[in-house]
Amino acid sequence: MINLRASHGTTEISFTVNSEPRKISAYPMERLLDVLRLKLGLTGAKEGCGEGECGSCSVLMNGALVNSCLVPVLQAAGTSIVTIEGLAASDSLHILQEAFLECGGAQCGICTPGMILAATHLLNKKPAPTTDEIREGLSGNLCRCTGYSQIIESVANAARRRSAPAIEHSGITV
Ligand code: FES
Ligand code: FES
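Residues numbered from 1 in each chain as written. Chains lettered and ligands numbered in written order. Predicted model: local features only at pLDDT ≥ 70, side-chain atom pairs only at ≥ 80, totals over all residues. Heavy atoms only, no water.

Novice: Now, about the pairing of strand β4 (residues 58-61): what can you tell me, with residues and values included?
Specialist: Here β4 shows two buried faces, one formed by Ser58 and Leu60 and the other by Val59 and Met61. Here 4 bridges tie β4 to strand β5 (residues 64-67), and the two strands are oriented antiparallel to one another. When the bridges of β5 are listed, Met61 appears paired with Ala64. If you look at the hairpin formed by β4 and β5, you'll find 2 residues sitting between the two strands, and Asn62 has a positive phi there, around 50°. When β4 meets strand β6 (residues 80-82), the two strands line up antiparallel, connected through 2 bridges. Residue Leu60 lies in a different strand from β6, and its bridge partner there is Val82. (Buried < 20%, exposed > 50% of the residue type's maximum accessible area, 1.4 Å probe, protein only. Helix = DSSP H or I, 4+ residues; strand = E, 2+ residues; numbered from the N terminus. Pairing = 2+ DSSP bridges.)

Novice: An account of the nonpolar core is requested, with residue identities and associated values reported.
Specialist: If you look at soluble globular proteins, the nonpolar side chains tend to sit buried side by side. Core analysis: the biggest nonpolar cluster contains 25 residues, and Leu96, Phe100, Met115, Ile134, Leu138, Ile151 and Val155 have the highest contact counts within it. Contributions of two or more residues to this core are made by α2 (95-103), α3 (112-125) and α5 (149-163). Here this core gets 7 residues from one element, more than from any other, and that element is α3. Of all hydrophobic cores here, the second largest spans 22 residues; its members include Cys57, Val59, Val66 and Ala76. (Core = buried A, V, L, I, M, F, W, Y, C linked by side-chain atoms within 4.5 Å.)

Novice: Lay out α5 with the relevant residues and their values.
Specialist: Between its first and last C-alpha, α5 extends 21 Å over 15 residues, near the 21 Å set by a 1.5 Å rise per residue. For α5, the elements touching its buried residues are α2, α3 and α4 (131-137). (Expected span 1.5 Å × (residues − 1). Contact = heavy atoms within 4.5 Å.)

Novice: A description of the packing of α3 against α5 should follow, citing residues and the corresponding values.
Specialist: Put simply, α3 and α5 touch, their axes get as near as 11 Å, and they point 45° apart. If you check the angle between α3 and α5, you find them oblique. Both α3 and α5 take part in a crossing whose hand is right-handed. Residues Met115, Ala119, Leu122 and Leu123 of α3 pack against Ile151, Val155, Ala158, Ala159 and Arg162 of α5. Taken together, the residues that form the contact of α3 with α5 break down as 8 nonpolar, no polar and 1 charged. (Axes fitted to C-alpha atoms, helices over the stretch in contact; angles between N-to-C directions. Parallel < 35°, antiparallel > 145°, perpendicular 65-115°, else oblique. Left-handed = near helix turned anticlockwise from the far one by under 90°. Nonpolar A, V, L, I, M, F, W, Y, C, P; charged D, E, K, R; others polar.)

Below, the structure written as structure tokens:
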């Protein structure tokens, strides 16, 4: 939602971030990444390339995976955003976060929030992806540390755990 009473070129913009209604004053073309990090203190989304190539700034916007460095905040008005900070329920880790820890899917961690959000997006669409589908699902996210095999295993691990009948995981759909 947008308040049309703009002041000094800024505009009031309302949206939902991690299930909380938020209202901010921003220049319409400010990057969503900067608004999240600098105005809302959500520093999980990282700036890597700043030009849509690395995926380290990935967030979910109305369920779609987007590079927040490319999204003018005006475009986010009225949407529902999920960042890595909002993925897990209460104090427990999300199943993908557990899997990344267990399988060594994170090293320096710069790419990890974006990878986990890309994996969330993938598993929401394809609960039991093949290795090729995991590679494809993460193809917009670059990692300089892991060589990718641990990341792919992390996502496969999370998918297996989620499909295990004895274990209930409710937090995968965002
Ligand atoms: S910082 Fe946004 S895609 Fe690289
Ligand atoms: S863990 Fe360092 S860039 Fe991926």
